[in-house]
Amino acid sequence: LAEADGAEYPVGVRVTSVTAKSAYDLGGGQTNDVITELDDVPVTSMETLLTELRTRRAGEIVDMSVSRADTDTELTVTLEGRP
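Every chain is numbered independently, its residues counted from 1 as its sequence is written. The predicted origin of the model limits local features to residues at a pLDDT of at least 70 and limits the giving and counting of side-chain atom pairs to 80 or more, whereas totals for whole chains, interfaces and linings rest on all residues. Side-chain calculation: all heavy atoms of the structure are included, whereas hydrogens and water are not.

**Student:** Could you clarify how one ought to interpret the overall build of the chain in this entry?
**Tutor:** Numbering of helices and strands runs from the N terminus; a helix is a DSSP stretch of H or I covering at least four residues, while a strand is a stretch of E covering at least two. Helix and strand counts for the chain come out as 2 helices and 7 strands. In sequence order, the chain lays out its α and β elements as β-β-β-α-β-β-α-β-β. Taking all 83 residues of the chain together, the buried fraction comes to 31%. Contact between two residues is taken to exist if any of their heavy atoms lie within 4.5 Å; hydrogens are not considered. Restricting the contact set of the chain to residue pairs at least 6 apart, pairs at least 24 apart contribute 41%. Residue-level accessible areas treat just the shown protein chains as cover; the underlying method is Shrake-Rupley with a 1.4 Å probe. Accessible surface for the chain amounts to roughly 5,600 Å². Of this, 48% is attributable to carbon and sulfur atoms. Using a 1.4 Å probe on the protein chains alone, a residue whose accessible area is under 20% of its type maximum counts as buried, one over 50% counts as exposed, and one in between counts as partly exposed.

**Student:** I'm lost on the nonpolar core in this one. Help?
**Tutor:** Soluble globular proteins: nonpolar side chains tend toward being buried together. Buried residues of nine kinds, namely Ala, Val, Leu, Ile, Met, Phe, Trp, Tyr and Cys, make up a nonpolar core once their side-chain atoms join them within 4.5 Å. Within the largest apolar cluster, 14 residues are counted, with the highest numbers of intra-cluster contacts made by Tyr24, Ile35, Met64 and Val77. Taken together, the elements giving at least two residues each to this core come down to helix H1 (23-26), strand E4 (34-38), strand E6 (61-68) and strand E7 (71-78). By residue number, the principal contributor to this core is E6, which donates 3 residues. Once you skip the residues sitting within four places of it in the chain, Met64 turns out to touch Tyr24, Ile35, Glu37, Leu38, Thr73, Glu74, Leu75 and Val77.

**Student:** What am I meant to see in a negative patch on the surface here?
**Tutor:** Distance thresholds for patches are 9 Å for like charges and 5 Å for nonpolar side chains (Val, Leu, Ile, Met, Phe, Trp, Tyr), applied to residues having over 30% relative accessible area and no salt bridge. Salt bridge, as used here: a side-chain nitrogen of Lys or Arg that lies within 4 Å of a carboxyl oxygen of Asp or Glu. Residues counted as positive are Lys and Arg, residues counted as negative are Asp and Glu, and His and the chain ends are not counted. The location of each charge is read from NZ of Lys, CZ of Arg, CG of Asp or CD of Glu. Together, Asp40, Asp63, Asp72 and Glu74 make up a region of like negative charge exposed at the surface. Here Asp72 shows up in strand E7.

**Student:** Sorry if this is basic, but what is going on with the side chain of Arg68 here?
**Tutor:** Relative to the assigned elements, Arg68 resides in strand E6. Among the residues examined, Arg68 registers a relative accessible area of 19% and is labelled buried. N or O atoms within 3.5 Å of each other form a polar contact, as long as, within protein, one can give a hydrogen and the other can take it, and as long as residues adjacent in sequence are counted only when both atoms are side-chain atoms. A polar atom in the side chain of Arg68 sits 2.9 Å from the backbone oxygen of Gly28. Excluding anything up to four places from it in sequence, Arg68 contacts Gly28, Gly29, Gln30, Asp33, Thr73 and Leu75.

**Student:** How do you make sense of the pairing of E6 when you look at a structure like this?
**Tutor:** Two faces belong to every sheet, and in a regular strand the side chains alternate between them. Counting buried residues in E6 gives 6 out of 8 residues, a clear majority hidden from the surface. When DSSP finds two or more bridges between a pair of strands, those strands are recorded as paired. As paired elements, E4 and E6 share 4 bridges and run antiparallel to each other. Following the sheet pairing, Glu37 is matched in E6 by Ser65. Judged from the 8 bridges that link them, E6 and E7 form a sheet pairing that is antiparallel. Bridged to Ser67 within E7 is Asp72. In this structure, the hairpin formed by E6 and E7 is closed by a connection of 2 residues, where Ala69 is found at a positive phi of approximately 50°.

Taken by themselves, the reported measurements are silent on function.
Right, dumping it as structure tokens:
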């Protein structure tokens, strides 16, 4: 957690929208989640998240830690192929 002006907030990548039936949606992901880890690798920026995702293949299953409404949640997501 990071702190600013006395408030704590999760460090990670905020999900601003989720496409229906996408891999993230089917894995239980929601808008406003903050992705904090991908397969135990800390996600501190969009660059980190994309770098980790590029090393994986379609159909691979990944575990994601997300912060959702002040609660840590674990998701299992089956990756899709890139268009």
